[in-house]
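Examining the three-dimensional arrangement
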Amino acid sequence: MYAQMVKTDAARIKGLDEMDPQERVFQQRIDTGQKIEPKEWMPEAYRKTLIRQISQHAHSEIVGQLPEGNWITRAPTLERKAILLAKVQDEAGHGLYLYCAAETLGISRDQMYEQLHSGKAKYSSIFNYPTLSWADIGAIGWLVDGAAIMNQVPLQRCSYGPYARAMVRICKEESFHQRQGFDILAKMVRGTPAQKEMVQDALDRWWWPSLMMFGPSDDASVHSAQSMAWKIKQNSNDELRQKFVDQTVPQAEYLGLTVPDPDLKWNEEKGGYDFGEPDWSEFFEVIAGNGPCNAERLGARRKAWGDGTWFRDGLTAHAEKVAARRAKSVAAE
Amino acid sequence: MGSATVTDTTVDRAVLFEFLLRMGDSTLVLGHRLSEWCGHAPALEEDIALANTALDFIGQTQLWLSLASEVEGKGRSADDLAYLRDARDFRNLLLTERPNGDFGKTLMRQFLFDAWHHLCLGALLGSSDARVAAIAEKASKEVAYHIERSRDLVVRLGDGTAESHARMQEALDDLWPYTGEMFVNEASDVALVAAGVAPPASLKAEWDALVAETLSEATLKKPAEGHMHKGGKRGIHTEHLGYVLAELQFLQRAYPGAPW
C-alpha cells in the first residue's frame, strides 16, 4: 500500500439525515457507485483527504525510484538492466499521473513537492529500507509491488474519477513489475548456493516491512471508516494484509524459501494463514523519520530539487523570452 | 556508400568486430552514465526522459554487441562482451565516459553525442552490411527523438537565464576537446569505409553545421578549434572508465558463471 494512515479530518461518520442537502446528494451518488469528477461539488474534507492520499501515493512512486535506481548501474545482464530501467521509468510515470490527478483537486505539483521536502507529506515507509543486494530488486518487485497491487486494484473503483482512472493504467504496469521481480528470484534460486542465500536474506529483510506497508489494523479507525464511506478505501488494512500473505506464502514455498515468521501456519477453518504481528514500534519509528534510509531518501529528493533550480528557472526564462519576442513581432505587424 | 552486399570475406571480421564494439560500447557507457541520474533529475519529466534514453541505449547495446558476438564467432555472448572485458578492450568514445557533472553538462554531452549519433546512424542506413543497416534503422528512430530533445534543451538553457547560459557555456568548453574523436579515422576505419560498411569522415561537415546552428540559436560561443583528445577507439581511455566498469560488471565479476 503506497498510502498509509491517511487522515480524513473526521471525528465520526455522519448519517445521511445529519447532512445538508448538497452533501446528502454527494453521498448518495457515492453510495450508488457514481464517480465524482473534478469540477463537481465535494465536501472540503473529501477533497483534502484525497489530496493527502494521492500526493502520498505520488511521492512514494518518486522516492521509490531511489532504492531501485541504486542497482540499475549494477544490474547483472543487459536484459535485466533494460527491464529495470523500464520499470523505474514506469514508476516515475505513475508519479506523473498521480500528481496530475491530485492537481485536479486544486493543489500544484510544486506545492506537493514543498510538502514532501518539508516533511509535512509522507511517502510509503517501505522506501526507507536499503537495497543491499541484487536479490533485493527481485524482492521489491515480488513483495513491495505485490503489496501495492493489493491496494491499487480496489482503488480502480475509487469514487474519485481521475484517481480511479490513473489506477487502471498503473495496475497493468504493476502486474508486469511483480512478475519481473518474481522472475529475478526464480532465476537466482536455481543458481548457485550463494545466490540462493542472497534471495533468502532478501526475503528475511523485506518480509516484515512489506506486511507493514498495509499499515496497522484500522478496524477501529474513524479515518478508515470515513474513507470507506467515501469509497476512497474499499478494504480494511487487515483484510488486505491477509490476502497478501495468502497469495505470497505459496509463492515463497515454490521458490524454496522460508518465510521468517515462526507463527505462520495454515488455518483450515478460515481458509487462510495465521501469521505473526509485525513490530509496529519499528513501523512508527520509520514513519517518524528514523528508518535506515529516511535521511538519505529525503536528502536526495531535496538535493535534486535544489540543484535543479537553475535548470527550471532557465527554462522559464526562455519561455518568457520567446513569448515576449512573439508579442513584439505581432505588435510590429 | 556502396550498395553491393558485403560478406565477411570482403571485410576483415576483426575490423568489423572493432567497429561494432565502438557502436555498442558507446551506447553502453553513455546509457550507464544516464542511469546514474535515476531519481536525481531536476524535474520529474527529466527523470522519465533520461531513463527512457538510457533504455534506448541499452537496447541498442544489445543489438550491436549481439552482432559483434556473431561476427567474432568465438562463443562470447553480448553479455560476455559487456561484462567480461576490461577497460583496455572497450572501444567507446571518450565523450561517453565523461562524468555527469551538473545537469547542464549531462545535457551538453548528450547533445554533442546525439548530433554525431544521429548523423552516423543516418549514414549507416545505407551500409552495405544488411545487419548493420537493420540496427541503424531501428536505432535511428529512437535517436531522432534524442537529438530533437537534447538540441531543444541546449537552446532553451543557453538562451535562458545568465546562470543557465554560463553553465551551458562552461559545459561546452569542457566537453569540446572530446568531440574530435568522433571523426578521427583510424587505420581500421579506412577499410570499413571503403567497403561501404561504416560512415565516411565527411559526417564532420554535417555535424559542424548542426552544432554551429544550434549553438548560435542557444547564444553559446563555439570553442576555438584546438587540441582534441583521442584514444577510445584504441582502448586508451580516461581514468573514469575503470570505475564505470567496476560498477557495471560487479555482479558478473563477484559471482563468476552465476545465472541471472
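Residues numbered from 1 in each chain as written. Chains lettered and ligands numbered in written order. Predicted model: local features only at pLDDT ≥ 70, side-chain atom pairs only at ≥ 80, totals over all residues. Heavy atoms only, no water.

1. With respect to the confidence of the model for chain B
Residues and elements named next belong to chain B. The share of residues in chain B with pLDDT of 70 or more is 96%, and the mean pLDDT across the chain is 93. Here residues 1-9 scores under 50 on pLDDT; set against residues more than four positions off or in separate chains, the count is 19 contacts. Across the whole predicted complex the pTM is 0.95, and at the interface the ipTM reaches 0.95. (pLDDT = per-residue confidence, 0-100. Contact = heavy atoms within 4.5 Å.)

2. Quick notes on the pattern of salt bridges
Pairs can form between side chains of opposite charge once their charged atoms are near each other. All names here are of chain A. Scanning the model with the defined rule gives 38 salt bridges over all chains in all. In this structure, R80 engages D183 in a salt bridge whose closest nitrogen and oxygen atoms are separated by 3.1 Å. With R80 in helix α4 (residues 78-103) and D183 in helix α7 (residues 161-189), this pair connects stretches of sequence that are 103 residues apart. What emerges from the salt-bridge pattern is a single network uniting E68, K87, E91 and D145. (Salt bridge = Lys/Arg side-chain N within 4 Å of Asp/Glu carboxyl O. Helix = DSSP H or I, 4+ residues; strand = E, 2+ residues; numbered from the N terminus.)

3. What about the packing of helix α6 (residues 134-155) of chain A against helix α8 (residues 193-212) of chain A?
Residues and elements named next belong to chain A. Across the interface, α6 lies against α8 with an axial gap of 9 Å and an inter-helix angle of 30 degrees. Here α6 is positioned roughly parallel relative to α8, judged by the angle of their axes. As α6 runs across α8, the sense of the crossing is right-handed. Seen from α6, the contacting residues are A135, D136, A139, I140, W142, L143, V144 and A147; seen from α8, they are M198, V199, A202, L203, R205, W206, W207 and S210. Residues of the contact of α6 with α8, tallied by class, amount to 13 nonpolar, one polar and two charged. (Axes fitted to C-alpha atoms, helices over the stretch in contact; angles between N-to-C directions. Parallel < 35°, antiparallel > 145°, perpendicular 65-115°, else oblique. Left-handed = near helix turned anticlockwise from the far one by under 90°. Nonpolar A, V, L, I, M, F, W, Y, C, P; charged D, E, K, R; others polar.)

4. With respect to the packing of aromatic side chains
All told, the structure shown has 22 aromatic pairs over all chains when counted by the stated rule. When the ring of F311(A) is compared with that of F103(B), the centres are 5.1 Å apart and the planes differ by 85 degrees; the resulting orientation is edge-to-face. Residue F311(A) is located in helix α13 (residues 309-332), and its partner F103(B) is located in helix α5 (residues 103-124); the two belong to separate chains. The exposure classification of F311(A) matches that of F103(B), with both residues buried. Ring centres of F57(B) and F113(B) lie 5.9 Å apart, and the angle between their planes is 85 degrees; on these two criteria the pair is classed as edge-to-face. Of this pair, F57(B) sits in helix α2 (residues 44-72) while F113(B) sits in helix α5, placing them 56 residues apart in sequence. Of the two residues, F57(B) and F113(B), neither departs from the other in class, the shared state being buried. Clustering of aromatic rings is evident, with ring pairs tying together F26(A), W41(A), Y46(A) and W230(A). Over the face of the ring belonging to W305(A) we find R312(A), whose NZ or CZ atom lies 3.4 Å from the ring centre. Of note, R85(B) hangs over the ring of F90(B), and the distance from its end group to the ring centre comes to 4.2 Å. (Phe/Tyr/Trp six-rings, centres within 6.5 Å; stacked < 30°, edge-to-face > 60°. Buried < 20%, exposed > 50% of the residue type's maximum accessible area, 1.4 Å probe, protein only. Lys NZ or Arg CZ within 6 Å of the ring centre and 35° of its normal.)

5. Some thoughts on unusual backbone geometry
Keep in mind that most residues, glycine aside, have a negative phi and that most peptide bonds are trans. Residue and element names in this part refer to chain A. With phi around 70 degrees, D9 is a residue other than glycine that occupies positive phi space. Among the structural elements, D9 can be located in the segment before α1 (21-31). One non-glycine residue with positive phi stands out, namely K231, at about 55 degrees. Within the fold, K231 resides in the loop between α9 (222-229) and α10 (237-254).

6. Quick word on the domain arrangement of chain A
Residue and element names in this part refer to chain A. Examined at the domain level, chain A breaks down into domain 1 (14-289) and domain 2 (291-332). Listed per partner, the contact involves 18 residues of domain 1 and ten residues of domain 2. Regarding the contact of domain 1 and domain 2, the summed buried area is about 1,300 Å², with carbon and sulfur atoms giving 62% of it. If you sort the residues of domain 1 by the area they bury against domain 2, L66, H117 and N128 come out on top, with a joint share of 42%. Between domain 1 and domain 2 we count zero salt bridges in total. At the boundary of domain 1 with domain 2, the tally comes to five residue pairs in polar contact (both at pLDDT 80 or more). Counting residues per element, the ones that place at least two in the side of domain 1 that touches domain 2 are α2 (44-63), α3 (65-72), α5 (109-118) and α11 (280-290). Considering each element in turn, the side of domain 1 that touches domain 2 owes the most residues, five residues, to α5. (Domains from an automatic or database assignment. Buried area = accessible area lost by both parts, 1.4 Å probe. Polar contact = N/O pair within 3.5 Å; in protein donor to acceptor, adjacent residues only side chain to side chain.)

7. With respect to the side chain of Q110(B)
Residue and element names in this part refer to chain B. Position of Q110 among the secondary structure elements: in helix α5. Residue classification places Q110 among the buried residues on the basis of a relative accessible area of 4%. Setting aside residues up to four positions removed in sequence, Q110 forms contacts with L30, L34, T53, F57 and S150.

8. Let's talk about the packing of α6(A) against α7(A)
Residue and element names in this part refer to chain A. Interaxial distance between α6 and α7 falls to 7 Å at its minimum, and their mutual angle equals 150 degrees. The angle between the axes of α6 and α7 places the two elements in the roughly antiparallel class. Helix-helix and strand crossings are classified by hand; for α6 and α7 the assignment is left-handed. Its residues assigned to classes, the contact of α6 with α7 shows 17 nonpolar, nine polar and two charged.

9. Some details on α5(B)
Residue and element names in this part refer to chain B. Taking 1.5 Å per residue, 22 residues should reach 32 Å; α5 reaches 30 Å between its end C-alpha atoms and fits that length. When you tally the buried positions in α5, you get 19 out of 22 residues, the bulk of the element. Between the side-chain oxygen of the N-cap and the backbone nitrogen of G104 there are 3.1 Å, and the N-cap of α5 in question is D102. (Expected span 1.5 Å × (residues − 1).)

10. Concerning the interface of chain A and chain B
Each side of the interface is counted separately: chain A has 50 residues, and chain B has 49 residues. In total, chain A and chain B occlude about 4,200 Å² of area from one another, counting both sides; carbon and sulfur atoms represent 68% of this. Here chain A is connected to chain B by four salt bridges. R325(A) is the salt-bridge partner of D159(B), the closest N and O atoms lying 2.7 Å from each other. The interface formed by chain A and chain B holds 15 residue pairs in polar contact (both at pLDDT 80 or more) in total.

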